2 protein chains.
Amino acid sequence: MAPYTNLDKQPAFTQLQSLATTAPDLSTPDFLTALRLQEYHAHSAGFDLFFATQRLDETILASLQELADQSKVIEQFLALKKGAVMNRIEGWDCENRKVLHTACRDIFSKNPHNPEASKQAKAELKKLAAFLMELDQGTLTNDQGSPFTDMIQIGIGGSDLGPRALYHAMAAYGRGGRKIHFISNVDPDDGLAILSRLDLSRTLVNVVSKSGTTLETLTNEELAKAAYLKKGLDPARHFVAVTGQGSPMDDPHKYLRSFYMFDYIGGRYSATSMVGGVMLGFALGDENFREILRGAHDMDQAAEEPNIRNNVPLLMALTGIWNHNFLGHETLAVLPYSQGLIRFTAHLQQCDMESNGKSCNRQGEFVSYQTGPVLWGEPGTNGQHAFYQLIHQGTAIIPVEFIGFRTNQYDGDITIKKTTSQEKLTANLLAQSLALASGQHSANPNRFFGGNRPNSILMADRLTPYSMGALLALYEAKIVFQGFLWNVNSFDQEGVQLGKILATRLLDHMAAQKEDESYDGSSTDALGWALMKATGLTKK
Amino acid sequence: MAPYTNLDKQPAFTQLQSLATTAPDLSTPDFLTALRLQEYHAHSAGFDLFFATQRLDETILASLQELADQSKVIEQFLALKKGAVMNRIEGWDCENRKVLHTACRDIFSKNPHNPEASKQAKAELKKLAAFLMELDQGTLTNDQGSPFTDMIQIGIGGSDLGPRALYHAMAAYGRGGRKIHFISNVDPDDGLAILSRLDLSRTLVNVVSKSGTTLETLTNEELAKAAYLKKGLDPARHFVAVTGQGSPMDDPHKYLRSFYMFDYIGGRYSATSMVGGVMLGFALGDENFREILRGAHDMDQAAEEPNIRNNVPLLMALTGIWNHNFLGHETLAVLPYSQGLIRFTAHLQQCDMESNGKSCNRQGEFVSYQTGPVLWGEPGTNGQHAFYQLIHQGTAIIPVEFIGFRTNQYDGDITIKKTTSQEKLTANLLAQSLALASGQHSANPNRFFGGNRPNSILMADRLTPYSMGALLALYEAKIVFQGFLWNVNSFDQEGVQLGKILATRLLDHMAAQKEDESYDGSSTDALGWALMKATGLTKK
């Protein structure tokens, strides 16, 4: 493959810069037409993307296609799937790893892109199925012979956000009685609140850490162990591990079962590995977890399509870059009209911002353009009664990605004033998209809506395990494509290291001052010690 | 009072613009000193603000003080408290209301700023105390004589976000067994999931809507009523109302009790009125709710201090404007190091962005500077494993407001590797602040941290009802001060109206096509109907 190229070195870049100066104004009368709404539509793996309300036209779309082609994004995506060492910075010390999260779900065909990784994924799935079978059949119970009803997932970052988002989204498909709880924060109040209200004798604990050394996770594991011991329960009969093979946590004496995660899957891309699998399998059953994988795999395949009009993740990636780098909008709101997706945006914050919140390219040079945007959002219609005021009338333009479903999950919807709640929900979604684009003139300046605020609608029939898997993979692919276009390494996270180092230094002070009341850290760490002193955290 | 003036018309504005070109660089060696960390410290009502890691110096602070004085923010704040009609746009049709949320908690002195409003607040508090007494003493029970154990709060926007944030923050102070659940979204899955898993016979429902006409709330009330009727339970024996006097919901035949909210309190500022009071009183007891009010009141008083070095909310308001309007940073991350504050940022998103996401000033003229920023965040240390990568190494600068507490809420913290979880939490907080400011040089560009990323730390001893009230009022005052400085009306929300109008039109189509299969909405609403058709929501 040719060497990776910066966004601003692609021929299409200057073309797009020039097109941005005359980008269509969505609020122009008669610009939005029935025909445009119908034609600006793409489809991938059960999801429709409606993008008529983006500031795009045929010329700009053609130029974005050229940008994608010049950047060789599909070629890079295929290389990634096959096992290229994509997690690296040329010429510099770095992680140097393959990036194979797609292999977790590349288990449905005879010719997976990377046979070795898919084989490992299948082996773990088989172990999981056996574990779930034992739980279902009652051959694996607690010491009193009662079935396990609850599971606590202890993990942080990728071992928490993706799994948690999926669990909330899939709660409607849960197997009666089985519930998941999450402990992530090192704040003791997070764990203590949960441990104090559960019947631990019927609760499994799933400890998730690839390295087996994550500070927060190990600490919370100990907090949980202490709670089990206090109740006279043996942690080794309740605790399960998801970790790297050979990590300090890979120890059959300490865990009921160990499932493996591999170093070619980054935390924020790991929801479809055992990181999400053990917990989702417990809550939803093996079949439903496999449906999630099937949806993700179908989207992974759809994302191989070179024509951007037939590739939703790629079209969203390019539209995002159009809004961010060419129209100059700094943030992105993702607004799902589905209560099930209440934590999906929090997952995306990690997946997107930790992947592409970078300043140096894959050759170790600082880039001179903006990379990953600030991504934020809450479900509609809740958001409409919260921050939409700013999106409609604020001084900054906030591009929006709406997500919706034609039908809801639970039975029991009711008709009030001739429409169901689900109809009210989707009507609001469509209305917001049009309102942001069209705006509304008014003599009263306080009731004036400028419009021309770009947005798109992503829609599927229903939030099911299959569509949840597809949605997860859609955003993963979008993020990976944007990383290719910006020429950044979307798979490491060196930016989190400095805080860890400084925190360790402060913890050393805290430990030292307990042992020696006259301890003074100012000579070794003037600033850290001074900040501890100023904030009242030193003993003297 | 003199007429309100735009930010860019204040003499201090040009001075600050010029100071911004030479603003101090926090990453300059020896710029951050122990002395600076100690001296850049303010205190109000139990909260310390450490702002050494903002790009401020004595000259800039003096200029910000001048800006505050020239904008007469304290004078306006006092006028607001006394009952000036602050919710208005001069010369234009608008809400024309007083803004008296501070009166809800101005109940501790003999001379409240607005005696009439404080009297009304006290009357509602008395009704609430009587209601809670009946529940406690068992004179008010369900039809079987059993006590109520749960409450569902049905409300949206201000009737949901503030109360929900406070409930999560105060769960540690809950009265054994009493739990609150929330239904807000018109998505039927929100309500159905909750209604299906509760013992409704022991559950109260608190319906909150000032107008008594909020679409989402009325719909969810009907959804809840249907669930009660299905179980053979009489809603009138379970449902409580918080609404405006004389609203359609003010009906003793339909509700066990009605509590009043007044039109001089905006939804997003209403958490300390009965909107939060009924639910918090049920969960925490009357005493704890009054402690929240006491904390809020103390902060309201502290916010009257004209010297910005002694007024935390005002100093934070000015620092926010310095970062946003002068240094050009578009967003603001609020990152609480406390799991209890998990929904506090979502509350702030409404309170801040709905208040100040405006483009026209209080004289009805469009302003030519940026107003309210995009505010976002999740609790640390979770966020550290999610989006902090972008905050440390991304191409955009994200100002940060950290919030922390010296001690945690629950008993049972444990020591691992010589430090407690709470120590690990606070060490991480302090470390992040220093890391963002100082940065770190490295030959490896991927391990280079530019630093100079402005942030501050807000710290109190513990998250208690008192400090929660103070924190709530702190941000309310900060937001109000910023509105004064930007010269916008922080108390209306005209920007939410257009979406409502368009949604109603779409709902009419949805209703009509059910009654008449040949219905075609294209003649009356070409775009709306076309979008319904494109997204597959028309019948034909």
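Chemist: Requested: an account of the nonpolar core, with residues and values cited.
Modeler: Phe 47 and Leu 318 of chain A together with Phe 47 and Leu 318 of chain B are the most contacted members of the largest nonpolar core, which has 341 residues in total. Excluding anything up to four places from it in sequence, Leu 318 of chain A contacts Leu 64, Leu 67, Ala 68 and Ile 308 of chain A.

Chemist: Quick rundown of the relation of the copies chain A and chain B? Include the residues and the values.
Modeler: By a simple turn and slide, chain A fits onto chain B: the slide is 0.0 Å along the axis, the RMSD is 0.0 Å, and the turn is 180°. Interpreted geometrically, this transformation is the action of a two-fold axis. Taking the C-alpha atom as reference, chain A places Trp 376 of chain A closest to the rotation axis, 3.3 Å from it. Take the interface residues of chain A: 100% of them recur as interface residues in chain B, which is what a same-surface contact looks like.

Chemist: Hey, could you go over the domain arrangement of chain A for me, with residue numbers and the actual values?
Modeler: If you check the domain split of chain A, you get domain 1 (7-12 + 39-96 + 305-406 + 417-492), domain 2 (123-294) and domain 3 (495-534). Summarising the inter-unit geometry, the C-alpha centres of domain 1 of chain A and domain 3 of chain A are found 41 Å apart.

Chemist: Describe the environment of Ala 437 of chain A, with residues and values.
Modeler: All names here are of chain A. With respect to the helices, strands and loops of the structure, Ala 437 is situated in helix α14 (residues 421-438). Between the alpha carbons of Ala 437 and Tyr 519 there is a distance of 62 Å; along the sequence they are 82 residues apart. The contacts of Ala 437, once residues within four sequence positions are left out, are Leu 26, Leu 32, Thr 53, Gly 451, Arg 453 and Asn 455.

Chemist: Lay out the sheet that holds strand β2 (residues 47-50) of chain A with the relevant residues and their values.
Modeler: Residue and element names in this part refer to chain A. Judged by pairing direction, the sheet is mixed, and its six strands sit side by side in the order β1-β2-β13-β10-β8-β9 without closing on themselves. Here the strands that pair on one side only, and so sit at the sheet edges, are β1 (41-44) and β9 (374-376). The sheet shows a mean angle of 20° between the axes of neighbouring strands, taken without regard to direction. For β2 and strand β13 (residues 455-460), the ladder comprises three bridges, and the chain directions are antiparallel. Looking at the pairing, Leu 49 lines up with Leu 458 of β13. Contacts between helix α11 (residues 312-326) and the sheet are confined to β1, β2, β8 (331-336) and β13, with β1 contributing the most and set at about 130° to the helix. Contacts from α14 reach β10 (400-405) and β13 within the one sheet, and its direction differs from that of β10 by about 160°.

Chemist: Account for the sheet that holds strand β9 (residues 374-376) of chain B, naming residues and giving values.
Modeler: Residues and elements named next belong to chain B. Pairing is mixed across the open sheet formed by six strands, whose spatial order is β1-β2-β13-β10-β8-β9. Bordering the open sheet on either side are β1 (41-44) and β9, each of which pairs with just one other strand. When strand polarity is set aside, the average angle formed by the axes of neighbouring strands in this sheet is 20°. As paired strands, strand β8 (residues 331-336) and β9 are joined by three bridges and run parallel to one another. Its bridge partner lying in β9, Ala 333 is registered against Trp 376. Sheet contacts for helix α12 (residues 344-356): β8 and β9; angle to β9, the most-contacted strand, approximately 165°.

Chemist: Break down the confidence of the model for chain A for me, citing the residues and quoting the values.
Modeler: On average, residues of chain A carry a pLDDT of 97, and 99% of them reach 70 or more. Here the prediction assigns the complex a pTM of 0.98, and the interface score ipTM is 0.97.

Chemist: Tell me about the interface of chain A and chain B, and name the residues and values.
Modeler: With 124 residues of chain A in contact, the opposing surface of chain B contributes 124 residues. At 13 residues, α14 of chain A tops the list of elements feeding residues into the side of chain A that touches chain B. Split by residue class, the side of chain A that touches chain B holds 60 nonpolar, 45 polar and 19 charged.

Chemist: Please provide a residue-by-residue account of helix α10 (residues 286-302) of chain A, values included.
Modeler: All names here are of chain A. Spanning 17 residues, α10 covers 24 Å between terminal C-alpha atoms, matching the ideal 24 Å at 1.5 Å per step. Considered for burial, the residues of α10 that qualify are Phe 289, Arg 290, Glu 291, Ile 292, Leu 293, Gly 295, Ala 296, His 297, Met 299, Asp 300 and Ala 302. Packed against the buried residues of α10 are β1, α6 (161-170), α9 (274-284) and α15 (465-486).

Chemist: Before we move on, can you summarise the pairing of β1 of chain B with the specific residues and values?
Modeler: All names here are of chain B. What you see with β1 is a clean split: Ala 42 and Ser 44 sit on the buried side and His 41 and His 43 on the side with no burial. Note that β1 and strand β2 (residues 47-50) share four bridges and pair antiparallel. Residue His 41 lies in a different strand from β2, and its bridge partner there is Phe 50. A loop of two residues connects β1 with β2, the two strands running antiparallel in sequence, and Ala 45 in this loop sits at a positive phi of about 45°.

Chemist: Please give an account of the environment of Tyr 519 of chain A that cites residues and values.
Modeler: All names here are of chain A. The residue Tyr 519 is located in the loop between α16 (497-515) and α17 (526-534) in this model. Sequence spacing of Tyr 519 and Lys 539 is 20 residues, and the spatial spacing of their C-alpha atoms is 8.9 Å. With near-sequence residues (within four places) excluded, Tyr 519 lies in contact with Ala 512 and Gln 513.

Chemist: So what about α14 of chain A? Which residues, and what values?
Modeler: Residues and elements named next belong to chain A. Over its 18 residues, α14 runs 26 Å from end to end, which matches the ideal 26 Å to within 8%, given 1.5 Å per residue. Within α14, 18 of the 18 residues are buried, which leaves the element mostly enclosed by the surrounding structure. Gly 439, located one to two residues past α14, shows a positive phi value of around 70°.

Chemist: An account of the packing of helix α16 (residues 497-515) of chain B against helix α17 (residues 526-534) of chain B is requested, with residue identities and associated values reported.
Modeler: Residue and element names in this part refer to chain B. It is at 10 Å that the axes of α16 and α17 come closest, and there the two elements cross at 60°. Like other packed secondary-structure pairs, α16 and α17 cross with a definite hand, here right-handed. For the pair α16 and α17, contact is made by Leu 502, Arg 505, Leu 506 and His 509 and by Gly 528, Trp 529 and Met 532, respectively. Of the residues assigned to the contact of α16 with α17, the class counts are four nonpolar, two polar and one charged.

Chemist: An account of the environment of Met 279 of chain B is requested, with residue identities and associated values reported.
Modeler: Residue and element names in this part refer to chain B. Mapped onto the elements of the fold, Met 279 is located in helix α9 (residues 274-284). Overall, the presence of 28 C-beta atoms within 10 Å leaves Met 279 in the buried class. A C-alpha to C-alpha distance of 9.4 Å links Met 279 and Arg 164, two positions 115 residues apart in sequence. Among all residues touching Met 279, those that are not within four sequence positions of it are Met 151, Gln 153, Pro 163, Tyr 167, Ile 180 and Asn 206.

Chemist: Any details on unusual backbone geometry? Residues and values, ideally.
Modeler: Residues and elements named next belong to chain A. Here the residue pair Gly 380 and Thr 381 is connected by a cis peptide bond, since its omega of 10° sits within 30 degrees of zero. Its location among the elements puts Thr 381 in the loop between β9 and α13 (388-393). One non-glycine residue, Asn 96, adopts positive backbone phi at about 50°. On the neighbour-count criterion, Asn 96 (11 C-beta atoms within 10 Å) is exposed.

Chemist: Could you give an account of the pairing of β10 of chain A, with specific residues and numbers?
Modeler: All names here are of chain A. Of all six residues in β10, six are buried, a share of seventy percent or more. Taken together, the six bridges between β10 and β13 define a ladder with parallel strand orientation. Across the sheet, the residue bridging to Phe 402 is Ile 457, located in β13.

Reading the values: rules and limits
Once a new chain begins, its residue numbering starts again from 1 and follows that chain's sequence as written. Chain letters and ligand numbers both follow the written order, the letters beginning at A and the numbers at 1. For this predicted model, a pLDDT threshold of at least 70 governs which residues receive local features, and a threshold of 80 or more governs which side-chain atom pairs are given and counted, while totals over whole chains, interfaces and linings are taken from all residues. The nonpolar core is taken to be a set of buried Ala, Val, Leu, Ile, Met, Phe, Trp, Tyr and Cys residues joined by way of C-beta atoms within 7 Å. Three exposure classes are used, all based on how many other C-beta atoms lie within 10 Å of a residue's own C-beta (placed from the backbone): buried at 20 or more, exposed at 12 or fewer, and partly exposed between those limits. For every residue pair, C-beta atoms are placed from the backbone, and the pair is scored as a contact if these atoms sit within 7 Å. The least-squares superposition of copies is restricted to C-alpha atoms, and to residues with a pLDDT of at least 70 in both copies. Residue ranges for the domains originate in an automatic or database domain assignment. Helix numbering and strand numbering both begin at the N terminus, where a helix is a DSSP run of H or I of at least 4 residues and a strand a DSSP run of E of at least 2. When DSSP finds two or more bridges between a pair of strands, those strands are recorded as paired. Axis angles are defined between N-to-C directions and span 0 to 180 degrees, where every axis is a line fitted to C-alpha atoms and, for a helix, only to the segment in contact. A score from 0 to 100, pLDDT tells how confident the predictor is in each residue. In this classification, the charged set is Asp, Glu, Lys and Arg, the nonpolar set is Ala, Val, Leu, Ile, Met, Phe, Trp, Tyr, Cys and Pro, and all remaining amino acids, among them Gly, are polar. Multiply 1.5 Å by the residue count of a helix minus one, and that product is the helix's expected span. By convention the crossing between two helices is left-handed if the near helix lies anticlockwise of the far one by an angle smaller than a right angle, and right-handed if it lies clockwise.

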